[in-house]
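# Reading the structure
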Amino acid sequence: VARVGRLFRDSTMTTANGRLVYYGSAAAMGSLWLYYATSDQQNLYDQTAINRIYGVVDPDFPSPRVSVDTASTTVPPALMELGGGDGCPPLPARGWRADLGLGKMVTDRPNVKNQRVYFPLFTPHSSDLCQNGSASLVAVDMYCGSTLSTREIGEGILKGGVHHRGQTYYSLGG
C-alpha cells in the first residue's frame, strides 16, 4: 500500500486549482499500470481548471522495493508530461501525464481495453452555464498517453464504461 501511495504523489493536485481525484483508478497487468484523472466534481462548470490524466507504471511489480516493516521507499522519477502525442516516456520515467485542456474534466473512472485507456470527459458550455455541457470519450495509448481518438457523444455527463462481449456501454445523463 505504501508503494502505490508513493506512485500517485503529485504536488500539483490541490483544492485551490481544482485538481482532485474523485474516481478510482483502472489497472492493467504485465508491469502494473494504473490510470486515473483529476477533476472537481463539486464544480463541474469551472472553466479555469486544467485537469490531467495519468498513466503510472510500477516496474517492480509484483515484488515492490518497499519493506513492509519500515514502509520506506524512494520517490520515483517524475512522470513524463505529454502535449499531443510526443511518444512514449523514456526510461527511467514511471509513466505519463497529460493536460486535458481548459475546463475539461473526467466524469468517471477510466476503462482499459485493447491497449487503450478510455476517459469519459465533460466540457462545460462556454457562454451559458444554464445549458448542459458536452460529453466526449477520449482514447489514449496505455503506454504512451498519446491521444488515439476522441468521440463526441452529446450533451450531458458520460458515466459508466462496462465492457461486455466486445462492446462498451456508457450512460449519458443530463
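Figured I'd write up the structure that's included with this text.

Definitions and cut-offs
- Residues numbered from 1 in each chain as written.
- Predicted model: local features only at pLDDT ≥ 70, side-chain atom pairs only at ≥ 80, totals over all residues.
- Heavy atoms only, no water.
- Helix = DSSP H or I, 4+ residues; strand = E, 2+ residues; numbered from the N terminus.
- Buried < 20%, exposed > 50% of the residue type's maximum accessible area, 1.4 Å probe, protein only.
- Core = buried A, V, L, I, M, F, W, Y, C linked by side-chain atoms within 4.5 Å.
- Contact = heavy atoms within 4.5 Å.
- Salt bridge = Lys/Arg side-chain N within 4 Å of Asp/Glu carboxyl O.

## Digging into unusual backbone geometry
At Q115, a residue that is not glycine, the phi angle is positive and equals roughly 60°. Within the secondary structure, Q115 sits in the loop between β7 (111-113) and β8 (116-123). Here the phi dihedral of R165 falls at roughly 50°; this positive angle occurs in a residue that is not glycine. Within the secondary structure layout, R165 lies in the loop between β11 (157-164) and β12 (167-173). Residue R165 is classed as exposed on the basis of its relative accessible area of 77%.

## A look at the nonpolar core
Counting 16 residues, the largest nonpolar core has Y35, I53, W96, V106, F119 and V140 as the members making the most contacts within it. Only β2 (32-37), β3 (52-58), β5 (95-99), β8 and β9 (134-141) provide two or more residues apiece to this core. Not counting chain neighbours up to four residues away, the residues in contact with F119 comprise Y35, Y36, A37, I53, Y54, W96, V106, P110, S136, L137, V138 and V140. With five residues, the next largest nonpolar core counts Y118, L137, A139 and L158 among its residues.

## Things to note about the pattern of salt bridges
Under the definition given, this model contains one salt bridge. Residue D99 is joined to R52 by a salt bridge in which the shortest nitrogen-to-oxygen separation is 2.8 Å. Of the two residues, D99 is situated in strand β5 and R52 in strand β3; the sequence distance between them amounts to 47 residues. Of the residues examined, R52 reaches a relative accessible area of 7% and is grouped as buried.

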